[in-house]
Amino acid sequence: MTKRRHEVVAHALLVLQGGFGIVAALGMVVVMGGNLAYAPVPLLGCVLLFTLAGFVTRRRRWALIAAIVVEGLALAGWLLQAFAGALPQIDFTANLVGLLTTVCLPGCVIVLCARTLAER
Amino acid sequence: MSDFGIGIAPAHAAALGCALVTPLLAVLGWRIVQARARLGFPLARRLRTGWAAADAPVRWAVWLLLLTGAVHLGLPLGHVDGAPLAVGFLTSGVGCGWLALRAILGRRWRGAAVALVTAMLVAYTVSVINGEEVDQVGLAAAVVELALLTLAIVPARPRRRSLANIGAVGLAVLFGSATWAVFVAGHGDGHHGGPFLARAQAGVVLRPDPPPATPDPQRAAALLAERTKAATVRYRDPAVARAAGFAATGRPEGLQVHFESKANQRDDRIVDPERPEMLVYAIEGGRALLLGVVFQMPVAGARGPAVGGTATRWHAHNLCFGLLPPGFGAVSPYGTCPFLTVSITTAEMMHVWVVDPPEGPYADGLNDAWVRTILRDGRRSA
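Report follows, based on the coordinates. Nothing here was measured: the structure is a model prediction, and the numbers come from that model.

## What to know about the overall build of chain A
Working step 1: Along chain A, the regular secondary structure elements total four helices and zero strands.
Working step 2: Overall, chain A is about 50 × 35 × 20 Å in size when its C-alpha atoms are taken along their principal axes.
Working step 3: Split into buried and exposed, the 120 residues of chain A put 49% on the buried side.
Working step 4: Excluding contacts between residues fewer than 6 apart, the proportion of contacts in chain A whose partners are at least 24 apart in sequence is 72%.
Working step 5: In the form shown here, chain A has an accessible surface area of approximately 5,300 Å², with 72% of it arising from carbon and sulfur atoms.
Working step 6: Charged side chains of chain A number 9 positive and 4 negative; the gap between the two group centres comes to 15 Å.

This is the structure:
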C-alpha cells in the first residue's frame, strides 16, 4: 500500500489541539484569580498532546494507539457532558466551534492514526 | 443545547451555508473534471493525475483551502460594510481556490498559504478589535485556517519541525487570547440590553430578549431593585446571612464573595426578593458590605422571566469544572476546556446590586476599585 502520510496530518492536528489546550488553561488560571496551582494539570495535558504528536509523526505504534485512546476518551467526555446536560442543575452548550474542536478534531485524529496503523 | 443558533451571527449565516455546500459542490466539480479528463482536456488530466499522486497533507490542505475560500466568498452576502471589505473577502476567497488548484497540481503553495492565512487571521482580529462581534462562524473559520496554517508550516521543513510547532501553537494561543480579551471587554462594556449576544459563548451565554412581561418594563425593573434593596437590609451582616442558611461558595474573603442558600435554590420561587438564591458581599480587612443578590433559575436551560424587559437581562455561564484542584475555568473561544475538566452550563442568573453602582442595579459586574472605595468608606448597602 502507498504511504499517504496520514501521520503528518495527525501530527498537525495534535499540535493544534495542544495550542487550544493552552488557551483553555489560561482561562482556568485567570478565572481562579491568577492561582497558578490550576496550571500544571491542564499544561500536562498539552505536553502529552505535543509528545504524542512528535511520536505519531515518526509512526511509532504505541504513540498511534495512545493518541487513539486519548482522543477516544475526549470524545467519551464530550458525550458524558452532553448527557449530563439533561440533569436539571446543569445544562450543556453545544456550539459550532465546540463541535469542530471537541468532536470533529478528535474524530479526525482517531481516523488518521488508525489509517497510519493500517499502513504500517 | 438550544443555544447553537444564537452563536451564529445573521451576517455570517450565508458564509456558513457556503461552507456547508462546499463538499457537495467539490464532489460535483470533481466529477466534471474526471469527465473532461476522459475527453482528453489537458488541465483536467493534470488535475486528476495530481490528486491521485497527492498525499494526505496536500489533500487535507486542499479541503481546508476550499472551505476557507467558500466562507470568504460567502461573507459579502451577509456583510454589507462597503465595497473595500467585499473586495477583500472575494480576493481572499479566490486566493484560497487558486492555492488549492496549485496544491493539486503539485506546485508550491505552502508559503503563499501561510501568508494568506496569517493575513486573514490578522484582519479578523483587527475587525474584532474595531467592534465586530466574535461569533461561532468567525471562530470556526479561524480554527480551519489555523489547521491549514499548521499543515502548511509543519511538514515543510522536517529539520525545523520544533520551530514550526512553536509557531503554530503560538499563533493559536495569540489569536485565542486576543479574541477572548476583546470578547470579555465587550461583555463588560455594558452591552446588556442591546443586540450583543455573546456569540463567542466563551464563559457567558446570553439569549435574545423575550417580550417584556409588563407594559412598563422600566418601572417594573425599578420596583424590583427597590424591593430587593428593602428585603435584604436584614442581611447586611454576613453572620445573619449564615444564621439564615447562607454559606460562602468559595473563599470567605474577597471583593465579591458569594453566599448561597440551598433552601432558596430549591424552593422554586423565581425572582423573590425575600428569598434570593445568593448574596454577594465585599469582605476585606475585617469589613463586610452587602453588594447585592443573585437571582437564579431553579432549572438549567430554563429562560428567566423578563421582569423588567431588557434592563433585567439574564445570563448563564458555560464553565469548565475540574477536580485537580477543584475549581472552575471558562470555556475558551475555541470551545475547549482544559485537560481533565468537563464543560457545564449553569442555570440562568441575574444580579441586582443594592449599593447603587454607577452602572445601575442590573450591571454585569462591579468595578473592583469602586467596591474597595465604598467598602473603605463604610457605605451602607441599603
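## Focus: the sheet that holds strand S7 (residues 341–345) of chain B
Residue and element names in this part refer to chain B.
Working step 1: Taking strand neighbours across the sheet as the criterion, the three strands line up as S6-S5-S7 in an open arrangement whose pairing is antiparallel. Each end of this open sheet is capped by a strand with a single partner; those strands are strand S6 (326–330) and S7. Geometrically, the sheet is characterised by an average inter-axis angle of 30 degrees between neighbouring strands, direction not taken into account.
Working step 2: Two elements, strand S5 (residues 318–323) and S6, share five bridges in a ladder whose sense is antiparallel. Looking at S6, one finds that Leu-319 is bridged to Ala-330.

## Considerations on the layout of surface pockets
Working step 1: Counted as a void, the second largest pocket has a volume near 840 Å³.
Working step 2: The wall of the second largest pocket is formed by 36 residues, among which Ala74(A), Cys337(B), Pro338(B), Phe339(B) and Thr341(B) lie closest to the centre.
Working step 3: Counting residues per element, the ones that place at least two in the lining of the second largest pocket are helix H1 (6–31), helix H2 (40–56), helix H3 (61–84) and helix H4 (96–119) of chain A together with S7 of chain B.
Working step 4: Partitioning the lining of the second largest pocket into residue classes produces 20 nonpolar, 15 polar and one charged.

## A short note on H3(A)
Working step 1: Helix length check: H3(A) (24 residues) gives 34 Å between terminal C-alpha atoms against 34 Å at 1.5 Å per residue, within 8%.
Working step 2: Listed in full, the buried residues belonging to H3(A) are Ala63(A), Leu64(A), Ala67(A), Glu71(A), Trp78(A) and Gln81(A).
Working step 3: If you follow the buried residues of H3(A), they end up packed against H1, H2 and H4 of chain A together with S7 of chain B.

The rules behind the values
Residues numbered from 1 in each chain as written. Chains lettered and ligands numbered in written order. Predicted model: local features only at pLDDT ≥ 70, side-chain atom pairs only at ≥ 80, totals over all residues. Heavy atoms only, no water. Helix = DSSP H or I, 4+ residues; strand = E, 2+ residues; numbered from the N terminus. Buried < 20%, exposed > 50% of the residue type's maximum accessible area, 1.4 Å probe, protein only. Contact = heavy atoms within 4.5 Å. Areas by Shrake-Rupley, 256 points an atom, 1.4 Å probe, with all protein chains shown as cover. Lys, Arg positive; Asp, Glu negative; His and termini not counted. Charge placed at Lys NZ, Arg CZ, Asp CG, Glu CD. Pairing = 2+ DSSP bridges. Axes fitted to C-alpha atoms, helices over the stretch in contact; angles between N-to-C directions. 1 Å grid on protein atoms, 1.4 Å probe; cavity = no way out; pocket = protein on both sides within 12 Å on 5 of 7 lines; lining within 4 Å. Points joined across faces, edges and corners; volume = space filled by probe spheres on them. Nonpolar A, V, L, I, M, F, W, Y, C, P; charged D, E, K, R; others polar. Expected span 1.5 Å × (residues − 1).

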